[in-house]
Amino acid sequence: MTKLSVNINKIATLRNARGGNNPDVLKVALDCERFGAEGITVHPRPDERHIRRSDVYALRPAISTEFNIEGYPSQEFIDLVLKVKPHQVTLVPDAPDQLTSNAGWDTKTHFSFLSDLMETFSNAGIRTSIFVGTDKELIEYAAKTGADRVELYTEPYATLYPENPEEAIAPFVEAAKLVRSLGMGLNAGHDLSLENLKYMHDNIPWLDEVSIGHALICDALYLGLEKTIEEYKKCLR
Ligand code: PXP
């Protein structure tokens, strides 16, 4: 079964626009779970422009599904993750001021940095995942770091999908097969939507988890959160 982890950063962005507590990030997370989400993802950034450190602390004891914290492993991020001990940490190579993640790790160049981090998080009992593209050598290096999983960066798939689904999915199927043969778990995320998710899942049914934020929250404006989560889960059956 492929788990749906809802990235709730957009909810925090909306809340932060007015300074109060509406919408309530914690309530939305709990409602996502109640409506069937199997995980909650947050991406705290140093400037706290979306999710704040205080949100991360408040969410941890409240969430009963899988809690995934993603982000760039600055010392501050590492300390936060080790304190909060989520089920999973996903390491993303973003600069602090980046709008959103737009590439996977160069796991060859950053091999020793990532290997040390995998050891640190594993020793703390936290499952590890590294955000990567479909390059085979870089996936092999991700496996060598000791990561439990990789998360495939799916934006290139989402961009090409409307024009040529077969061509869009091909490198992801190859990468997913390699990940499986290396004995790692497999996550995917970025720009997944009601339009392109089912086709990805039909072609890579052994995905462990997809992490979805932007499109899901946009769909919820029209369909409501409960119906939206239901529709995303249908794509994963
Ligand atoms: N996975 C990672 C590593 C991300 O950085 C993001 C965006 O924060 C997502 C998944 C979710 O992407 P989207 O908001 O496009 O669904």
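Look a little higher up for the structure.
In this text, all values refer to a predicted model and were calculated from it rather than measured experimentally.

Moving on, we come to the sheet that holds strand E3 (residues 66-71). Taken in spatial order, the 8 strands close into a barrel running E1-E2-E3-E4-E5-E6-E7-E8, and their pairing is parallel. Within the sheet, the average angular offset between the axes of one strand and its neighbour, ignoring direction, is 25°. Alignment of strand E4 (residues 88-91) against strand E5 (residues 127-132), held across 4 bridges, turns out to be parallel. Each bridged residue has a counterpart across the sheet, and for Leu 91 the counterpart in E5 is Ile 130.

Now for a nonpolar patch on the surface. A grouping of Leu 221, Tyr 222 and Leu 223 is seen on the molecular surface, where their side chains present a nonpolar patch of about 420 Å² in accessible area. By the secondary structure assignment, Leu 223 is in helix H10 (residues 214-223). Residue Leu 223 is classed as partly exposed on the basis of its relative accessible area of 40%.

Here we take up helix H2 (residues 25-34). Within H2 the residues assigned to the buried category are Val 25, Val 28, Ala 29, Asp 31, Cys 32 and Glu 33. Close packing links the buried residues of H2 with strand E1 (3-7), helix H1 (9-16), strand E2 (39-42), helix H3 (53-62) and helix H11 (225-235). One side-chain oxygen of the residue at the start of H2 lies 3.0 Å from the amide nitrogen of Leu 26, identifying that residue as Asp 24. Immediately downstream of H2, the backbone of Gly 36 shows phi near 120°, a positive value.

In this section: the nonpolar core. Among the nonpolar cores identified, the biggest contains 72 residues, and Leu 4, Ile 8, Phe 67, Leu 91, Met 200, Ile 204 and Val 210 are the most heavily contacted of them. What Val 210 contacts, discounting residues up to four positions off in sequence, is Thr 2, Lys 3, Leu 4, Ser 5, Ala 188, Leu 192, Leu 197 and Leu 236.

Let's shift gears to the site of the ligand. Taken together, 15 residues are adjacent to the ligand, and Ser 101, Glu 151, Asp 191, Gly 213 and His 214 come closest. Taking Glu 70, its side chain carries an N or O atom lying 3.1 Å from an oxygen atom of the ligand. Taking Glu 151, its side chain carries an N or O atom lying 2.5 Å from a nitrogen atom of the ligand. For the ligand, the accessible surface in isolation is 400 Å², of which the surrounding protein chains cover 94%.

Considering only enclosed or pocket space, the largest pocket measures out at about 560 Å³ in volume. Forming the walls of the largest pocket are 25 residues, and the residues nearest its centre are Asn 7, Lys 10, Thr 100, His 190 and His 214. For the lining of the largest pocket, the secondary structure elements donating two or more residues are H1, strand E8 (209-212) and H10. Ranked by residue count, the leading element in the lining of the largest pocket is H1, at 3 residues.

Side chains Gln 88 and Thr 90 of E4 all project onto a buried face; the interleaved residues Val 89 and Leu 91 project onto the opposite face, where all are buried too. Pairing of E3 with E4, which is carried by 4 bridges, proceeds in the parallel orientation. Bridge pairing in E4 links Ile 69 to Val 89. Crossover connection from E3 via helix H4 (residues 75-84) to parallel E4: handedness right-handed.

In this structure the tally under the stated criterion is 7 aromatic pairs. Seen in terms of ring centroids, Trp 105 and Phe 113 are 6.2 Å apart; in terms of plane orientation they differ by 55°. Their pairing is tilted. Looking at Trp 105, the relative accessible area reads 4%, which means it is buried. Take Phe 113: its relative accessible area is 31%, and that puts it in the partly exposed class. Grouped by ring-pair contacts, the aromatic residues Tyr 157, Tyr 161, Phe 172 and Tyr 199 constitute a single cluster. It is Lys 144 that lies over the ring of Tyr 141; its NZ or CZ is 4.3 Å from the centre.

Considering all chains together, one arrives at 16 salt bridges under this definition. Glu 174 serves as the salt-bridge partner of Lys 136, at 3.9 Å between the closest nitrogen and oxygen. Here the residue Lys 136 occupies a position in helix H6 (residues 136-144), and Glu 174 occupies one in helix H8 (residues 165-181), the gap between them amounting to 38 residues. With a relative accessible area of 41%, Lys 136 lands in the partly exposed category. Relative accessible area serves as the criterion here: at 39%, Glu 174 is assigned to the partly exposed category. Because the salt bridges share partners, they merge into one network encompassing Lys 3, Glu 66, Arg 127, Arg 149 and Glu 209.

Criteria and thresholds
Residues numbered from 1 in each chain as written. Predicted model: local features only at pLDDT ≥ 70, side-chain atom pairs only at ≥ 80, totals over all residues. Heavy atoms only, no water. Pairing = 2+ DSSP bridges. Helix = DSSP H or I, 4+ residues; strand = E, 2+ residues; numbered from the N terminus. Axes fitted to C-alpha atoms, helices over the stretch in contact; angles between N-to-C directions. Patch = residues over 30% accessible without salt bridge, like charges linked within 9 Å, V, L, I, M, F, W, Y side chains within 5 Å. Areas by Shrake-Rupley, 256 points an atom, 1.4 Å probe, with all protein chains shown as cover. Salt bridge = Lys/Arg side-chain N within 4 Å of Asp/Glu carboxyl O. Buried < 20%, exposed > 50% of the residue type's maximum accessible area, 1.4 Å probe, protein only. Contact = heavy atoms within 4.5 Å. Polar contact = N/O pair within 3.5 Å; in protein donor to acceptor, adjacent residues only side chain to side chain. Core = buried A, V, L, I, M, F, W, Y, C linked by side-chain atoms within 4.5 Å. Near = heavy atom within 4 Å. 1 Å grid on protein atoms, 1.4 Å probe; cavity = no way out; pocket = protein on both sides within 12 Å on 5 of 7 lines; lining within 4 Å. Points joined across faces, edges and corners; volume = space filled by probe spheres on them. Right-handed = clockwise from strand over helix to strand, strands pointing away. Phe/Tyr/Trp six-rings, centres within 6.5 Å; stacked < 30°, edge-to-face > 60°. Lys NZ or Arg CZ within 6 Å of the ring centre and 35° of its normal.

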